[in-house]
Each structure stands twice: as structure tokens, then as C-alpha cells.
Amino acid sequence: MRFIDIGANLLDEMYTGQYNDKPYHPPDLSAVLERAWAAGLEKLMITAGSLKEARAALELAKTDERLYCTVGCHPTRCKEFEDHPGGPEAYLQELLEVLKEGQALGKVVAVGECGLDYERLHFCDADTQKKYFEAQFRLAKESGLPMFLHLRAAADDFLDITGRHLGDFPRGGVVHSFDGTAEEAARVLAVPQLAIGINGCSLKTDDNLAVVGGLPLERIMLETDCPWCEIRPTHAGRKHVSAEALAGVTGAKDRKKFMPGCQVKSRNEPANIRHVRGPGGLHTACQWQVLEVVAGVKGRTDLEAVADVIFGNTERMFFPTA
């Protein structure tokens, strides 16, 4: 099976050993990536949510041919446009400069993470979010890249703005980490060029599982959104995850008892892809926890066929062949 993780927050301080600004263990991002590649991941998209992160994500993406990144400003950080010394237009132009540099190198593959988040208005008010979400469609229009989109409790405004800019992102976009209702999913998918990204946060409740079960497989992409959004024991989706897929997680160590080569408890990572031991020993087929849940809620047992469809969805949008 082939996998692409469309959303990994590899710049998070947890991968430097810091948790809430307190150091617990040495940086271990290199080991995290080694586990990801060993587990069968083919490509990984590093999520950027600000100008500073976009620059850092591009530099990290340059270190491995399998790493790629996004360029954009997260809705909760949109005040950065107005706080920039040169003003909002200068901030947007600097985002565009990073985007163009990375696109020329084949490393920047999407505009984002951008969108609307009305669950966290204490970080940025709705009007500011809307203004600079709309502004970032210029990045998509000038680059021709697809979009990596964020939607939380803002479906009406999100779809209104997106609908007015359909011509600016003809290659489409993915609404990542989707945890909305069936009605919201239907409204998103009524926009032909939009797909939906699924991770552990999309699979917490029985209602979530029902929503995912009703999504067309051809419109789904998979992500970890690490270091967050793991599938926890209390999540409804956990019942669809095999013992093999949980092997690395059950062997994880507390951050206070960090052990090189082991995952860290409660810190998600791309290596939630697992090799499965079959009759002939360890083979190249692998199972991903999120894939197993998606297949399970759809009543599918042909994991490889499900994985192939989702891989194709992702590759066509973000990695099209010439």
C-alpha cells in the first residue's frame, strides 16, 4: 500500500523535546522521520501556519526529497497580517515570495493552512479572519497551487468566501481535519473541487464515524495532523484499529522516561503507519490507523484497494504528473 500524509506539524516544539515550553528530552525529529519512512510513508506535507513557519517548513522540506510543505497563514494567526512592520500587503507579498521559491524547487505544493476558525475567536476575531482568508486566494491564483483549508464552526462564511473564489484555485483544495456534521460535509462536497481530510480528530464519536462512513471514497484524503489528533482509546474509531496498527503506540514511553527509538505517549507522529507481518514475514503492505477506521466504517475489508483510491486522490491534487 502507498500513503501520503497531507498534514504534519513537524515544526511543533514537541519534536524538539519541549512541551509547554519545558524541556523533557533531546530533539528527535530525525528519528520520527526515520520511523515514518520505515513504516511505508512515501510523501509528507509539512503544515505551515504563518510567514515564519512557511520559511522554516521550506527549509525543512529541502532536507529530504520525500518532504513537501504548504505556505499560508492559519486563521487564528491572521492578526500577523496587520502586525507586520510593512503592513498586510507586505506580509502577503512575503508569503508569495516564499511560495514561489519553494514552488520552483518542487517543494511547496499547497497554499495554506488558511480558512476560518470560529471556535477560537479569542485568538483572532471573525472579521479579521475573513479578510485575510480571502486575501490568500491571491496566492493560489498567482501560483496555480491547490489549497490546504481549515474549517471550524464557520461553514456559512467559509463556503461563501470559497464560492466567490472558485476560479482562483482550479486545482481544488482539501478541508483538512474535518469534524463537522453530515450536513456540513454535504455542503463542502457540493463544491466539486473540494476534498475532505480525515485524521483522529475526525473519528472521536459515533456521529463522526457516521459522517465519515457517508463520504465518497473518491473525495477523502488521510492525515495525522501530528503531533495532535491521534486516535485515543476513548475515541469511537478505536474499535476499528487492529492490534498490529497499535503496536508502536502501545510501546510508547512517557516523555519523562524518553527512550530513543520509541514513540512518545500522547504525541502523534506520521509513523502511525504500520508494517503487518503476514505468512511470508514482514511485507511491504502496511496498515494505517486512520485508513483502518475509514475502511471499517464503510464496511470494507480490502484495505489495499481503499488505500489506492485515497493515494490517487491525494496525488492528483498535490502531486500531479506532467
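Read on for a plain summary of the structure. Along each chain, the written sequence defines residue order, and numbers are assigned to residues from 1. For a predicted model such as this one, the threshold for reporting local features is a pLDDT of at least 70, and the threshold for listing and counting side-chain atom pairs is 80 or more; totals across whole chains, interfaces and linings nevertheless cover every residue. By convention in this description, side-chain values take in all heavy atoms of the structure and omit both hydrogens and water.

A word on the packing of aromatic side chains
To keep things clear, this is the line we draw: Stacked, edge-to-face and tilted labels apply to pairs of Phe, Tyr and Trp rings (six-membered ring for Trp) whose centres lie within 6.5 Å, assigned for plane angles under 30 degrees, over 60, and everything in between, in that order. Note on classification: 1.4 Å probe, protein chains only; a residue is buried when its accessible area is under 20% of the maximum for its type, exposed when over 50%, partly exposed between these limits. Counting from the N terminus, the helices are DSSP H or I runs at least four residues long and the strands are E runs at least two residues long.
Tallied over the full model, the rule gives seven aromatic pairs. Their ring planes at 85° and their centres at 5.6 Å tell us that Y19 and Y24 sit as a pair that is edge-to-face. Its relative accessible area of 5% is what places Y19 among the buried residues. Judged by relative accessible area, Y24 falls into the partly exposed class, the value being 24%. Where F133 meets F158, the ring centres are 5.6 Å apart and the plane angle is 15°; that geometry is what we call stacked. With F133 in helix α5 (residues 126-135) and F158 in helix α7 (residues 155-164), the pair connects residues that are 25 residues apart, well separated along the chain. Taking the relative accessible area as the measure of exposure, F133 reaches 0% and is therefore buried.

Here's the deal with the pairing of strand β7 (residues 147-152)
Applicable threshold: One requirement defines pairing of two strands: DSSP has to find at least two bridges between them. A crossover counts as right-handed when, viewed with the strands pointing away from the observer, the path leading from the first strand over the helix to the second turns clockwise.
With six of its six residues buried, β7 lies for the most part within the structure. Burial along β7 is two-sided: M147, L149 and L151 and F148, H150 and R152, pointing in opposite directions, are all buried. Pairing geometry for strand β6 (residues 108-117) and β7, over six bridges, is parallel. Along β7, the bridge assignment pairs L116 with L151. Where β7 meets strand β8 (residues 173-175), three bridges bridge the pair, whose relative direction is parallel. Opposite L149, over in β8, you have V175 as the bridge partner. In the classification by handedness, the crossover that spans β7, the intervening α7 and the parallel β8 is right-handed.

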